[in-house]
Amino acid sequence: MKQLLIKIKKYSELVCESCGGHDFREQEDYLECENCHSIYKKNSLQKRTIYRQSVIRWSGLVGVFLLMSLLGFFFIFYSTKGTQASKVSYSDVGPGKPYKTVKEKEASDRLSAEIEADAKWGLEHLDLTGVWTTYYFNSIQVTTAQFSDKANSPTTYTNGMLFSELVKKVGKPKSEEDYGNGRNQADFFYHGTDKKGGKWTIAVFIVYDVKSGMITGKDVMG
Ligand SMILES: [Zn+2]
């Protein structure tokens, strides 16, 4: 018995206007694209309905039926494509959309969960660095972004801890890189060996607005 399955799943997601990315980090008062770091005023991005087609599966015996299935597949594929066109927003998402299939989306979700676990470990073990502590990291105040009426990019930042203050406390970063929108990312790395001989690495990433010197974001990874 041949069975042909085309799964279309429907998602309602925010989509970055710059790169088509779907992953956003929610800051206090704005959203930041995880992919290209563009920032958006909260509520300025609309959720869009996205349809994704999963991998086609068929079950049963091989042979002549496989060919029939393939023919069936093309038939269903094209007819589905036709009916989809009216309601779908593939083109809406743009060529940069990171997920083409449900599988890709699931793989990305798995990766996000792993990253989250690493971040949790890093935060809990910051004291290993001998410079940072969990308490200090948590106490770093990130800015509030001020937006002008139209622009999505913040015009000014307020209430953030100064990056220069942080450097006085933990020392200079290993490296710095351009983070876009007038911001820099400072990277701090630490390595060591625990009591059982296991190696550990902890990285801290601090993003700050170059003009005001205020910290706009913080991250830790284990
Ligand atoms: Zn983006």
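As a starting point, this report considers the structure included with it. Values in this document were obtained by computation on a predicted structure and should not be read as measured data.

**Digging into the overall build of the chain**
- Of the regular secondary structure elements, the chain holds five helices and 13 strands.
- Looking at the 222 residues of the chain, the share that counts as buried comes to 37%.
- Sequence separation of 24 or more characterises 57% of the internal contacts of the chain that already satisfy a separation of 6 or more.
- As displayed, the chain offers around 13600 Å² of accessible surface, 55% of which is attributable to carbon and sulfur atoms.

**Observations regarding the coordination of the zinc ion**
- Cys16 (SG), Cys19 (SG), Cys33 (SG) and Cys36 (SG) make up the full set of protein donors to the zinc ion, lying at 2.3 to 2.4 Å.
- Counting along the primary sequence, the residues that act as donors to the zinc ion give the motif C-x2-C-x13-C-x2-C. Of this pair, cysteine 19 sits in the loop between strand S2 (8–14) and strand S3 (24–26) while cysteine 36 sits in the loop between strand S4 (30–33) and strand S5 (39–41), and the two are 17 residues apart along the sequence.

**Remarks on the layout of surface pockets**
- Each pocket or cavity is described by its volume, and for the largest pocket that value is around 820 Å³.
- Mapped by element, the contributors of at least two residues to the lining of the largest pocket are S4, helix H3 (102–124), strand S10 (175–180), strand S11 (183–193), strand S12 (199–209) and strand S13 (215–221).
- No fewer than three residues from each of domain 1 (3–100) and domain 2 (113–221) sit in the lining of the largest pocket.

**Structural notes on helix H5 (residues 163–170)**
- Burial in H5 covers these residues: Phe163, Leu166 and Val170. Mapping the buried residues of H5 onto a view down its axis gives an arc of 55°, with all of them on the same face.
- Here the buried face of H5 lies against helix H4 (134–139), S10, S11, S12 and S13.
- In the segment just after H5, glycine 171 is the residue with positive phi, at about 90°.

**Regarding the pairing of strand S8 (residues 144–147)**
- With burial as the criterion, only one face of S8 is covered, namely that bearing Ala145 and Phe147; the residues Thr144 and Gln146 on the opposite face remain uncovered.
- Of the strand pairs in this sheet, S8 and strand S9 (residues 154–158) are connected by four bridges, and their pairing is antiparallel. Bridged to alanine 145 within S9 is tyrosine 157.

**Notes on the pattern of salt bridges**
- As enumerated under the stated definition, the model contains five salt bridges in all.
- A salt bridge links lysine 42 to glutamate 26; its shortest N-O distance comes to 3.1 Å. In this pair, lysine 42 sits in the loop between S5 and strand S6 (47–53) while glutamate 26 sits in strand S3, placing the two residues 16 residues apart along the sequence.
- Residue lysine 42 is classed as partly exposed on the basis of its relative accessible area, which comes to 28%.
- What makes glutamate 26 exposed here is its relative accessible area of 58%.
- A salt bridge links glutamate 124 to lysine 120; its shortest N-O distance comes to 3.2 Å. Of the two residues, glutamate 124 and lysine 120 are both situated in helix H3; the distance of four residues between them amounts to about one turn of the helix.
- Overall, glutamate 124 belongs to the partly exposed group, its relative accessible area being 47%.
- We classify lysine 120 as exposed; its relative accessible area is 53%.
- Through salt bridges with shared partners, a single network forms among Arg25, Glu34 and Asp219.

Here is what the cut-offs are and how they apply
Residues numbered from 1 in each chain as written. Predicted model: local features only at pLDDT ≥ 70, side-chain atom pairs only at ≥ 80, totals over all residues. Heavy atoms only, no water. Helix = DSSP H or I, 4+ residues; strand = E, 2+ residues; numbered from the N terminus. Buried < 20%, exposed > 50% of the residue type's maximum accessible area, 1.4 Å probe, protein only. Contact = heavy atoms within 4.5 Å. Areas by Shrake-Rupley, 256 points an atom, 1.4 Å probe, with all protein chains shown as cover. Donors = N, O, S within 2.8 Å, 3.2 Å for Na, K, Ca; no water. 1 Å grid on protein atoms, 1.4 Å probe; cavity = no way out; pocket = protein on both sides within 12 Å on 5 of 7 lines; lining within 4 Å. Points joined across faces, edges and corners; volume = space filled by probe spheres on them. Domains from an automatic or database assignment. Arc of directions from axis to C-beta. Pairing = 2+ DSSP bridges. Salt bridge = Lys/Arg side-chain N within 4 Å of Asp/Glu carboxyl O.

None of the figures reported here should be taken as evidence of function without further support.
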